[in-house]
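Examining the three-dimensional arrangement
Given next are the chains, with one letter for each unit.
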Amino acid sequence: MSVRRIGIMGGTFDPIHQGHLVAASEVAHRFALDEVIFSPTGEAYHKAGDGRAPAEVRYLMTVVATASNPRFRVTRVDIDRPGPTFTVDTLRDLRAEFDHDHPGVDVEWYFITGADALSEILGWRDVEQLLASAHLVGVTRPGHELADPGLPHAQVSLLEVPALSISSTDIRARVRAGAPVTYLVPSGVAHLIAKYGLYQQSGAGSS
Ligand code: ATP
Ligand code: MG
């Protein structure tokens, strides 16, 4: 029986940018993934007018940014689940959804994360459970050291991807300052930022 290889890329995607897309595309190529599922995080507690985009708008930007790639899709599992987002929950919900839609089909799951997020992984909830059910792929990110986090029984791969020194934090600051974000985000995302007047207010620090 054939085995499906599916990548998951979680993030706030506030907004999604070319760094996310290049990382996902490169991992998909190197690991021969059938698809990559982008999962925007649920709504964190922020005060109104704090310079962050609502979950529905982050979801919309992620859909628009990935629309042209037949191997990319976006899930609502984290947005629709109340409370903070934990990766074990993302994986559990996506597995349940896949098993329901494709009974009997085997899946190898790959969880894609940048160097900064990988270095925090030991602090993640239920990291053992996560690694028991998914292969973890850490990708290089400018300004962050990509090091093996030294996990026990780890199924971890480290992968160099084309370096794009782009962060959502920087994009938000650029929008606020009136600097261009063209070419840093897909054009559809730039249009949505303008259409909804996102990131005009201050208080939008790093997440
Ligand atoms: P913020 O500045 O708001 O934290 P971000 O640019 O870090 O935004 P996230 O949504 O936090 O974006 O990141 C989602 C995932 O994408 C994380 O695993 C992160 O490490 C990875 N990632 C983000 N930007 C890049 C990049 N330029 N190159 C490689 N990986 C990246
Ligand atoms: Mg981040």
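In this report, the structure presented in the accompanying data block is examined. Small disclaimer: the values here were computed from a predicted structure and weren't measured. (Residues numbered from 1 in each chain as written. Chains lettered and ligands numbered in written order. Predicted model: local features only at pLDDT ≥ 70, side-chain atom pairs only at ≥ 80, totals over all residues. Heavy atoms only, no water.)

**Overview of the pairing of strand β4 (residues 106-114)**
One ladder, built from seven bridges, connects strand β1 (residues 3-11) with β4; its direction is parallel. Following the sheet pairing, Ile-6 is matched in β4 by Trp-109. Strand direction decides the pairing type here: β4 and strand β5 (residues 135-139), joined by five bridges, are parallel. When the sheet's bridge partners are listed, Ile-112 is paired in β5 with Val-137. (Pairing = 2+ DSSP bridges. Helix = DSSP H or I, 4+ residues; strand = E, 2+ residues; numbered from the N terminus.)

**Details of the nonpolar core**
One finds Met-9, Ile-16, Val-27, Val-36, Phe-38, Met-61 and Val-139 to be the most contacted residues of the largest nonpolar core, which totals 37 residues. Of all elements in the fold, only α1 (18-30), β2 (35-40), α2 (55-66), β3 (72-74), β4, β5, α7 (168-177) and α8 (187-195) reach the threshold of two or more residues within this core. Those residues in contact with Val-27, other than ones at most four positions away along the chain, are Ala-32, Leu-33, Ile-112, Val-137, Val-139 and Leu-159. In terms of nonpolar packing, the next biggest core, distinct from the first, is built from 17 residues, Val-77, Val-127, Leu-130 and Ala-134 among them. (Core = buried A, V, L, I, M, F, W, Y, C linked by side-chain atoms within 4.5 Å. Buried < 20%, exposed > 50% of the residue type's maximum accessible area, 1.4 Å probe, protein only. Contact = heavy atoms within 4.5 Å.)

**A short note on helix α4 (residues 87-101)**
Helix length check: α4, at 15 residues, gives a terminal C-alpha distance of 21 Å against a target of 21 Å (1.5 Å per residue), a fit within 8%. Taken residue by residue, α4 has Thr-87, Val-88, Asp-89, Thr-90, Leu-91, Leu-94 and Phe-98 as its buried positions. On its buried side, α4 packs onto β1, β2, α3 (77-80), β4 and α6 (127-133). (Expected span 1.5 Å × (residues − 1).)

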